[in-house]
Protein chains: 2
Amino acid sequence: MKTSIILFFMMMATVALAQQNVGYREGAVVSPQVNGDGSVTFRLRADAAKHVTVVGDWATNGGKGTMTLGADSVWSYTTPALPSEMYTYRFDIDGVVGIDPVNPFTRRDVGNVFSIFYVGGGSADYYQVRNVKHGDVVETWYHSDAAGADRRLSVYLPPSYGETDKAYPVFYLLHGSGGDETAWLELGHVARIMDNLIAEGKAEPMIVVMPNGNFSKQAAPGETADNLGFKPVMTNMLGDYKNGAYEMAFTEIVNFIDGKFKTIPDKQHRAIAGLSMGGFHSLYVALNYPGYFDYIGLFSAGLMSDLNTTREAYKDEDMKLARLSQVGYKLFWIGIGEDDFLYDINTEFRHRLDGMDFKYVYHESSRGHIWANWRQYLLIFAPQLFK
Amino acid sequence: MKTSIILFFMMMATVALAQQNVGYREGAVVSPQVNGDGSVTFRLRADAAKHVTVVGDWATNGGKGTMTLGADSVWSYTTPALPSEMYTYRFDIDGVVGIDPVNPFTRRDVGNVFSIFYVGGGSADYYQVRNVKHGDVVETWYHSDAAGADRRLSVYLPPSYGETDKAYPVFYLLHGSGGDETAWLELGHVARIMDNLIAEGKAEPMIVVMPNGNFSKQAAPGETADNLGFKPVMTNMLGDYKNGAYEMAFTEIVNFIDGKFKTIPDKQHRAIAGLSMGGFHSLYVALNYPGYFDYIGLFSAGLMSDLNTTREAYKDEDMKLARLSQVGYKLFWIGIGEDDFLYDINTEFRHRLDGMDFKYVYHESSRGHIWANWRQYLLIFAPQLFK
């Protein structure tokens, strides 16, 4: 009987190869291959191709590499040693740009799908899964009276959550233009970063809430009743970004979270931060609700102060900054990359803060408006919360 | 000032185009385009290509279509009218197979990434998001003493969950070989199907639990400490599939769920079903724990009865079937496609059941061992539970 079992499974394994969507990799080229020195080798089988490049988001050579055809009929390219990070890349094969066919791991960023890999030995060690206690990730929906709709948000619960009646502080973490409630989880690696920081005792156990900042949308592309008709593009900036509705209705989210989860519902136990558009949102939520957040973070913030506006969310900015100062906060953190196209706007904003003696901590990093910076800012910002 | 705002945002929009990962689609070809008659048009810009095909999972022409180059320099192909379903496809461009570059919506199935689309007007209307009340989706981890590890599982909570102290029945839904705890959510569209069935009053509000059936693994590929070193392949059948450890330790999962969520912890309010390997698992969990489940579903089950085995999980099968009959159950459901490579094995199993007067409901569908069938079986099975 034992022989027949083995025969059965051999048969099944063979038949399974003919089944749908099976992706055995035996005999396939290995790509990407992260080498011991932090360099990365890409390989591709493309027999009819004339010109193949890899296009990634690392800094060296602008993330571009020309692949060469080897005697083994495999195109390949090896990068210089790369700093520890999570990287995205695609292959450009004679003008058609797509993912690495033998790498099953991808991320969508705005409207494109990218292959990914990690170079360890630094920041990326926090983005990857370790054998530590893991928190829960919850996709849930709150009702917004202001939007007249149910809206989706992502929540990270720390590993110990729910085991006792213990309540936790809450960190609201906002995405940028073109992002959605999945962006900080998928591209920001929030659950892994928090699991790892908490396991090392570097961050306090906390709830992290990731709402959707595109106020006219209920959820991420593909997760609304528009379904695949809602193509991910950059946020309509003159509509969603700047009309103030999201910021003014932000307490709906806070109330929902305080009602649904075991939170410590006070200013000392609330933080808010965001990247790009989410930095803009974070600023104006904090300015309009000065009793709400002791920790405020602007990551490459898309700041656009309009000192003459009459919109409730944005008007009287200097007064609101002064009021926030008076009410008090523990940390107002500004981070930006030296190559960011928003660098000058952030510098002007800091000069205004300096002029009114508004206290903040400034962090200037290398590079520009990229996820690598936002992940690294999170690694710096989160450990400072609720201590 | 208003002009300067608009200028700023125009500037930002322009600059943003030069930023990372922005995928504006203006001017790009439209693909796929689902036409009013259920046919689907694929388009691709590939100027250097010699031969382009689309390879999908619809039945007509084996899911294959040869694309032709139009005068507009765009390759295109239109399928015949397709039955309502969710479909996956890729383009084969001179031997390099990849996703549709202008379709941001993908799913990983085992080791490959596919572009997706829906043809509405039938089953697929349940797979897509509607404006109904949505349940929560939770990714959580239970500790398995048997595996000596924390293991990840996915949980769907019905829309009303948590609003009162009401407790809910639980449906355990198991994936197949090559799958993991994300498969039923991502490819099976469980959250949307349950939201829509519940909203229509066709299914009872219930908790759906989707564990990971690869017992030697803690979680899906990329979600374990092996990180990207764990490539998704078909389950090691002689190891994980058939050693019985998962089935015998299944009560660890049930106890965890009953401890963490508001469940009705009795046989009348528990169901178990699974596809392929998960059907095999479901059968032996149900046989070894006859007091646990009133509803049992085998979807294209990878049945392999070994009547001479000495393994605890699988031995004395006839006795266990008789015992299950005696203890009682409300529904024992077997579904399989007429083209499935497991068709004969399922027929033999049914003949054994007939021989011992073991009651079951049999559903035979068209086609084979494919997700379309498993989604459709779920649409048939779930409405019969807990009534």
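Residues numbered from 1 in each chain as written. Chains lettered and ligands numbered in written order. Predicted model: local features only at pLDDT ≥ 70, side-chain atom pairs only at ≥ 80, totals over all residues. Heavy atoms only, no water.

Focus: the overall build of chain A
Then comes step 1: Looking only at helices and strands, chain A features 11 helices and 18 strands.
Then comes step 2: Radius of gyration (C-alpha) of chain A: 23 Å, near the 21 Å computed for a compact globule of 387 residues.
Then comes step 3: Projected onto the principal axes, the alpha-carbon positions of chain A cover approximately 75 × 55 × 45 Å.
Then comes step 4: Sequence-distant contacts in chain A: of pairs separated by 6 or more residues, those separated by 24 or more amount to 74%.
Then comes step 5: Within the structure as shown, chain A displays about 14,000 Å² of accessible surface, and the carbon and sulfur contribution to it stands at 51%.
Then comes step 6: Computed over 34 positive and 44 negative side-chain charges, the inter-centroid distance for chain A is 3 Å. (Helix = DSSP H or I, 4+ residues; strand = E, 2+ residues; numbered from the N terminus. Rg over C-alpha atoms; globule rule 2.2 N^0.38 Å. Contact = heavy atoms within 4.5 Å. Areas by Shrake-Rupley, 256 points an atom, 1.4 Å probe, with all protein chains shown as cover. Lys, Arg positive; Asp, Glu negative; His and termini not counted. Charge placed at Lys NZ, Arg CZ, Asp CG, Glu CD.)

What about the pairing of strand S7 (residues 85-93) of chain A?
Successive side chains on a regular strand alternate, one facing one side of the sheet and the next facing the other.
Residues and elements named next belong to chain A.
Then comes step 1: Most of S7 sits inside the fold, with 8 of its 9 residues counted as buried.
Then comes step 2: Bridge analysis of strand S3 (residues 52-56) against S7 gives 5 bridges, and the strand direction is antiparallel. Residue pairing for S7: Thr53 is matched across the bridge by Asp92.
Then comes step 3: With 5 bridges joining them, S7 and strand S10 (residues 112-119) adopt antiparallel strand pairing. Bridging from a neighbouring strand, Met86 pairs with Tyr118 of S10.
Then comes step 4: Bridging between S7 and strand S8 (residues 96-98) involves 3 bridges; their strand directions are antiparallel. From the neighbouring strand, Phe91 faces S8, where its bridge partner is Gly98.
Then comes step 5: Hairpin geometry of S7 and S8 is characterised by an intervening segment of 2 residues between the two adjacent antiparallel strands and by a positive phi of about 50 degrees at Asp94. (Buried < 20%, exposed > 50% of the residue type's maximum accessible area, 1.4 Å probe, protein only. Pairing = 2+ DSSP bridges.)

Section: the packing of helix H8 (residues 277-288) of chain B against helix H9 (residues 317-327) of chain B
Residue and element names in this part refer to chain B.
Then comes step 1: The N-to-C vectors of H8 and H9 enclose an angle of 70 degrees; their axes lie 9 Å apart at closest approach. It follows that H8 is roughly perpendicular to H9 by the angle criterion. As H8 runs across H9, the sense of the crossing is left-handed. Two secondary-structure elements touch here, H8 through Tyr284, Ala286, Leu287 and Asn288 and H9 through Glu317, Lys320, Leu321, Arg323 and Leu324.
Then comes step 2: Looking at side-chain class alone, the contact of H8 with H9 contains 5 nonpolar, 1 polar and 3 charged residues. (Axes fitted to C-alpha atoms, helices over the stretch in contact; angles between N-to-C directions. Parallel < 35°, antiparallel > 145°, perpendicular 65-115°, else oblique. Left-handed = near helix turned anticlockwise from the far one by under 90°. Nonpolar A, V, L, I, M, F, W, Y, C, P; charged D, E, K, R; others polar.)

Re the packing of helix H4 (residues 190-199) of chain B against helix H11 (residues 371-381) of chain B
All names here are of chain B.
Then comes step 1: Packing of H4 against H11 brings their axes to within 11 Å, and their N-to-C directions diverge by 30 degrees. In this view, H4 runs roughly parallel relative to H11, as classed from their interaxial angle. Considering the relative orientation of H4 and H11, their crossing is right-handed. Taking contact as the criterion, the partners of Val190, Ile193 and Leu197 in H4 are, on H11, Arg375, Leu378 and Leu379.
Then comes step 2: Considering only residue class, the contact of H4 with H11 consists of 5 nonpolar, no polar and 1 charged.

Some words on the nonpolar core
Then comes step 1: The biggest cluster of nonpolar side chains holds 97 residues, and the ones touching the most others in it are Tyr172, Phe250 and Phe332 of chain A together with Tyr172, Phe250, Ile257 and Phe332 of chain B.
Then comes step 2: Here Ile257 of chain B is in contact with Leu153, Val155, Val170, Tyr172, Val209 and Thr263 of chain B, once residues within four sequence places are set aside. (Core = buried A, V, L, I, M, F, W, Y, C linked by side-chain atoms within 4.5 Å.)

Quick notes on the environment of Phe105 of chain A
Then comes step 1: One can find Phe105 of chain A in the loop between S8 and strand S9 (106-109).
Then comes step 2: Here Phe105 of chain A falls in the buried class, since its relative accessible area comes to 6%.
Then comes step 3: Between the alpha carbons of Phe105 of chain A and Val209 of chain A there is a distance of 25 Å; along the sequence they are 104 residues apart.
Then comes step 4: Ignoring anything within four residues of it in the chain, the contact list for Phe105 of chain A reads Phe114, Ser115 and Ile116 of chain A together with Pro221, Gly222, Asn227, Leu228, Phe230, Lys231 and Pro232 of chain B.

A word on the sheet that holds strand S5 (residues 68-69) of chain A
Then comes step 1: Spatially, S1-S2-S6-S5 (chain A) is the arrangement adopted by the 4 strands of the open sheet, whose pairing is antiparallel. At either end of the open sheet lies a strand with only one pairing partner, and these are strand S1 (33-34) and S5 of chain A.

Section: the environment of Ala271 of chain A
Residues and elements named next belong to chain A.
Then comes step 1: Assignment of secondary structure puts Ala271 in strand S15 (residues 270-275).
Then comes step 2: Sequence separation between Ala271 and Phe381 is 110 residues, and the spatial gap between their C-alpha atoms is 10 Å.
Then comes step 3: Ignoring any residue separated from it by four or fewer positions in sequence, one finds Ala271 in contact with Val170, Phe171, Tyr172, Phe293, Tyr295, Leu385 and Phe386.

Thoughts on unusual backbone geometry
All names here are of chain A.
Then comes step 1: Residue Pro32 is bonded to the preceding Ser31 through a cis peptide linkage, with omega at -10 degrees.
Then comes step 2: Along the chain, Pro32 turns up in the loop between helix H1 (2-17) and S1.
Then comes step 3: At Phe386, a position not held by glycine, the phi torsion is positive, near 65 degrees.
Then comes step 4: Structurally, Phe386 is set in the segment after helix H11 (371-381).

Brief notes about the packing of aromatic side chains
Residues and elements named next belong to chain A.
Then comes step 1: What the rule picks out here adds up to 68 aromatic pairs over all chains.
Then comes step 2: Geometrically, the ring pair formed by Trp371 and Trp374 is edge-to-face, given 5.3 Å between the ring centres and 80 degrees between the ring planes. Of this pair, Trp371 and Trp374 both sit in helix H11, 3 residues apart, roughly one helical turn.
Then comes step 3: Among the aromatic residues, those joined into a ring-pair cluster are Phe171, Trp184, Phe299, Trp333, Trp371, Trp374, Tyr377 and Phe381.
Then comes step 4: Against the face of Tyr126 rests Arg130, its NZ or CZ located 4.6 Å from the ring centre. (Phe/Tyr/Trp six-rings, centres within 6.5 Å; stacked < 30°, edge-to-face > 60°. Lys NZ or Arg CZ within 6 Å of the ring centre and 35° of its normal.)

What to know about the pairing of strand S13 (residues 170-174) of chain B
Residues and elements named next belong to chain B.
Then comes step 1: Taking burial as the measure, the 5 residues of S13 include 5 buried ones, the bulk of the element.
Then comes step 2: In the sheet, S13 pairs with strand S14 (residues 207-210) via 3 bridges, with the strands oriented parallel. For Tyr172, the partnering residue across the bridge sits in S14 and is Val209.
Then comes step 3: Bridge analysis of S13 against strand S15 (residues 270-275) gives 5 bridges, and the strand direction is parallel.

Quick look at the environment of Gly368 of chain B
Then comes step 1: Note on placement: Gly368 of chain B falls in the loop between strand S18 (361-365) and H11.
Then comes step 2: Accessibility expressed as a relative area gives 11% for Gly368 of chain B, which makes it buried.

Topic: the sheet that holds strand S5 (residues 68-69) of chain B
Residue and element names in this part refer to chain B.
Then comes step 1: The strand order S1-S2-S6-S5 describes an open sheet built from 4 strands, whose pairing is antiparallel. The outermost strands of the open sheet, each flanked by one partner alone, are strand S1 (33-34) and S5.
Then comes step 2: Pairing geometry for S5 and strand S6 (residues 75-78), over 2 bridges, is antiparallel. Looking at S6, one finds that Thr68 is bridged to Ser76.

Quick notes on H8 of chain B
Then comes step 1: With 12 residues, H8 of chain B should cover 16 Å at 1.5 Å per step; its first-to-last C-alpha distance of 17 Å lies within 8% of that length.
Then comes step 2: Taken across its 12 residues, H8 of chain B has 12 buried, putting it largely inside the fold. (Expected span 1.5 Å × (residues − 1).)

Overview of the pattern of salt bridges
Then comes step 1: Counted by the stated rule, this structure contains 38 salt bridges over all chains.
Then comes step 2: Arg107 of chain A is the partner of Glu186 of chain A in a salt bridge, and the nearest nitrogen-oxygen pair spans 3.5 Å. Of the two residues, Glu186 of chain A is situated in helix H3 (residues 183-186) and Arg107 of chain A in strand S9; the sequence distance between them amounts to 79 residues.
Then comes step 3: The salt bridge involving Asp136 of chain A is made with Lys260 of chain B; its shortest N-O contact spans 2.7 Å. With one member in each of two chains, Asp136 of chain A in strand S11 (residues 136-144) and Lys260 of chain B in helix H7 (residues 250-260) form a pair that bridges those chains.
Then comes step 4: Beyond isolated ion pairs, a larger network of salt bridges with shared partners links Glu139, Arg152, Glu181 and Glu223 of chain A together with Arg192 of chain B. (Salt bridge = Lys/Arg side-chain N within 4 Å of Asp/Glu carboxyl O.)

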